[in-house]
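# Observations on the model geometry
Okay, here's what each chain looks like letter by letter:
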Amino acid sequence: MRRIVLGYDGSAVAKKDINDILALAKGFPDLHIDILYVIPYNQAEDETIDLTGKFSRTNEERIRSIKEHFKALAEQQVSHSVEIVIGNPAERIIEYATVKDADLIMVGHRGLNPLREAFVGSVSRKVIRESPIPVYVIK
């Protein structure tokens, strides 16, 4: 395995990703992890309205926060990068992983309540259903 795309949203479930990634990385010394944070359109629209530079400062803060959260990867010398994109999370994760020729996509499962999941769906479910690349769901 050479490349994993991790769809990261900052949720509590996503914080469990580190242990799973570190376990995988031990078996694949040349592994690279792409940590992908997708800003949904509705959230991005709210942020891009401010032309004073708030959006780029917010992204810098996000990147700093993500790097801090995943500092164990750096400490264990696991090759990784952080990317922030805007769009539909499931679609962008699949698109990014396809372009990067990833071997695996990792996503968290938040456990939405049944009513909300029926109306909104879940990113992990959409990725599983639509991805041509194997998907590992972290619960």
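Definitions and limits used
- Residues numbered from 1 in each chain as written.
- Predicted model: local features only at pLDDT ≥ 70, side-chain atom pairs only at ≥ 80, totals over all residues.
- Heavy atoms only, no water.
- Phe/Tyr/Trp six-rings, centres within 6.5 Å; stacked < 30°, edge-to-face > 60°.
- Helix = DSSP H or I, 4+ residues; strand = E, 2+ residues; numbered from the N terminus.
- Buried < 20%, exposed > 50% of the residue type's maximum accessible area, 1.4 Å probe, protein only.
- Pairing = 2+ DSSP bridges.
- Axes fitted to C-alpha atoms, helices over the stretch in contact; angles between N-to-C directions.
- Contact = heavy atoms within 4.5 Å.
- Polar contact = N/O pair within 3.5 Å; in protein donor to acceptor, adjacent residues only side chain to side chain.

### Focus: the packing of aromatic side chains
Here the structure, examined in full by the defined rule, presents one aromatic pair. Ring geometry for Y8 versus F70: centroids 5.0 Å apart, planes at 75°, classification edge-to-face. Residue Y8 is found in strand β1 (residues 3-8), and its partner F70 is found in the loop between α3 (54-69) and α4 (71-75); the two are separated by 62 residues along the sequence. On the basis of relative accessibility, which here comes to 0%, the residue F70 falls in the buried class.

### A word on the sheet that holds strand β2 (residues 32-39)
With respect to topology, five strands assemble into an open sheet ordered β3-β2-β1-β4-β5, the strand pairing being parallel. Each edge of the open sheet is held by one strand with a lone partner, namely β3 (79-86) and β5 (135-138). Across the sheet, the mean angle from the axis of one strand to that of its neighbour is 20°, orientation sign disregarded. As paired strands, β2 and β3 are joined by eight bridges and run parallel to one another. The residue of β3 that forms the bridge with I33 is H80. Sheet strands in contact with helix α7 (residues 123-130) are β4 (104-108) and β5, and its direction is about 160° off that of β5.

### Quick word on the side chain of H32
Locating H32 in the fold gives a position in strand β2. A distance of 3.4 Å separates polar atoms of two side chains, one belonging to H32 and the other to D34. At 2.6 Å, the side chain of H32 and the side chain of S79 are in polar contact. If near-sequence neighbours (up to four positions away) are discounted, H32 is found in contact with R2, R3, I4, S79, H80 and S81.

### Regarding the pairing of β1
Two faces make up the sheet, and in a regular strand the side chains alternate between them. Within β1, five of the six residues are buried, which leaves the element mostly enclosed by the surrounding structure. Strand direction decides the pairing type here: β1 and β2, joined by six bridges, are parallel. Residue L6 lies in a different strand from β2, and its bridge partner there is I35. Relative to β4, β1 is paired through four bridges, and the arrangement is parallel. From the neighbouring strand, V5 faces β4, where its bridge partner is I105.

Purely geometric stuff here, so don't read any function into it on its own.
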